Amino acid sequence: MKKQHRLRSLLAHLAPPAAFVLAASVHAATVVTLQQFDPACGQPQHNCREAFQKAFAAEAKTGGTVLLPAGTFQIDFPEVAQDVRSAPALQPQSLLQVPAGVTIEGHLNASRNPDSVIEWRITSIPVFIFANASHSGMKNLHVRFTGATPQQFPYGDIALLRALGYKPTFPHAGQMQGGNYEMFSFAYLFNSDDCSF
């Protein structure tokens, strides 16, 4: 995807059960595995969010690949409100922001199908955010929403931009066209060029 200059939902409006595949080719500089940062990732009910944050921090300066082996990897945001009308401000430490030049890459089985599964249930913020993340992407992943379709959305693009360190005005040209429902997404991309999914 190229020339993304406004907040845009890549994967939105999912109703359970939801499952689909992401595949692409992306070249990267260095390689780390998720288990380097948390050996428990892939075990049942284990939240891998912190391991992703540490992996992204390790790759932020040089770019590279975060490898996931075969298995199921849960990502949860227990401190982030969802399915309510209003909530405290989003905090940057709650977000999973993919750095420029970093690819999240899953494993392929013998039939060349992805067998690295990412499960998530948050509905009020995107799971992965690609902001100023040119030359990044995702490859060989199976993703599965395991939560419940929300009726209310406490956050919108203004709240997200502020948590990312921007100082948006309201209304503004890049405001989401679909309303706060677009926060219910697996991945968001903006201000990023040459990304692959």
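In this text, all values refer to a predicted model and were calculated from it rather than measured experimentally. (Residues numbered from 1 in each chain as written. Predicted model: local features only at pLDDT ≥ 70, side-chain atom pairs only at ≥ 80, totals over all residues. Heavy atoms only, no water.)

Asker: Explain the packing of aromatic side chains here, please?
Answerer: Two aromatic rings, taken as a pair, are described by how far apart their centres are and by the angle between their planes. Counted under the stated rule, the structure contains nine aromatic pairs. Ring geometry for F56 versus F128: centroids 6.3 Å apart, planes at 70°, classification edge-to-face. In this pair, F56 is assigned in helix α1 (residues 49-59) and F128 in strand β8 (residues 128-131), connecting sequence segments 72 residues apart. You'll find F56 and F128 in the same group, each marked buried. Between F130 and F197 the ring centres are 5.1 Å apart and the planes differ by 80°, which places this aromatic pair in the edge-to-face class. (Phe/Tyr/Trp six-rings, centres within 6.5 Å; stacked < 30°, edge-to-face > 60°. Helix = DSSP H or I, 4+ residues; strand = E, 2+ residues; numbered from the N terminus. Buried < 20%, exposed > 50% of the residue type's maximum accessible area, 1.4 Å probe, protein only.)

Asker: Sorry, what's going on with the confidence of the model for the chain here?
Answerer: One rule of thumb: low pLDDT means the predicted coordinates there are not for detailed reading. The share of residues in the chain with pLDDT of 70 or more is 80%, and the mean pLDDT across the chain is 84. The low-confidence segment residues 23-28, where pLDDT is below 50, has 17 contacts with residues more than four positions distant or belonging to other chains. (pLDDT = per-residue confidence, 0-100. Contact = heavy atoms within 4.5 Å.)

Asker: Help me understand the pattern of salt bridges, please; the structure alone is not making it clear to me.
Answerer: Two side chains bearing opposite charge may form a pair once their charged atoms approach each other closely. Applying the stated criterion across every chain yields a total of four salt bridges. As a salt-bridge pair, K54 and E50 come within 3.3 Å of each other at their nearest N and O atoms. With K54 and E50 both in helix α1, this residue pair falls four residues apart, about one helical turn. A residue is classified by how much of its surface remains accessible, and E50, at 48% relative accessible area, is partly exposed. K139 serves as the salt-bridge partner of E105, at 3.9 Å between the closest nitrogen and oxygen. Of this pair, E105 sits in strand β6 (residues 102-105) while K139 sits in strand β9 (residues 137-139), and the two are 34 residues apart along the sequence. Judged by its relative accessible area of 18%, E105 falls in the buried class. The exposure class of K139 is buried, given its relative accessible area of 17%. (Salt bridge = Lys/Arg side-chain N within 4 Å of Asp/Glu carboxyl O.)

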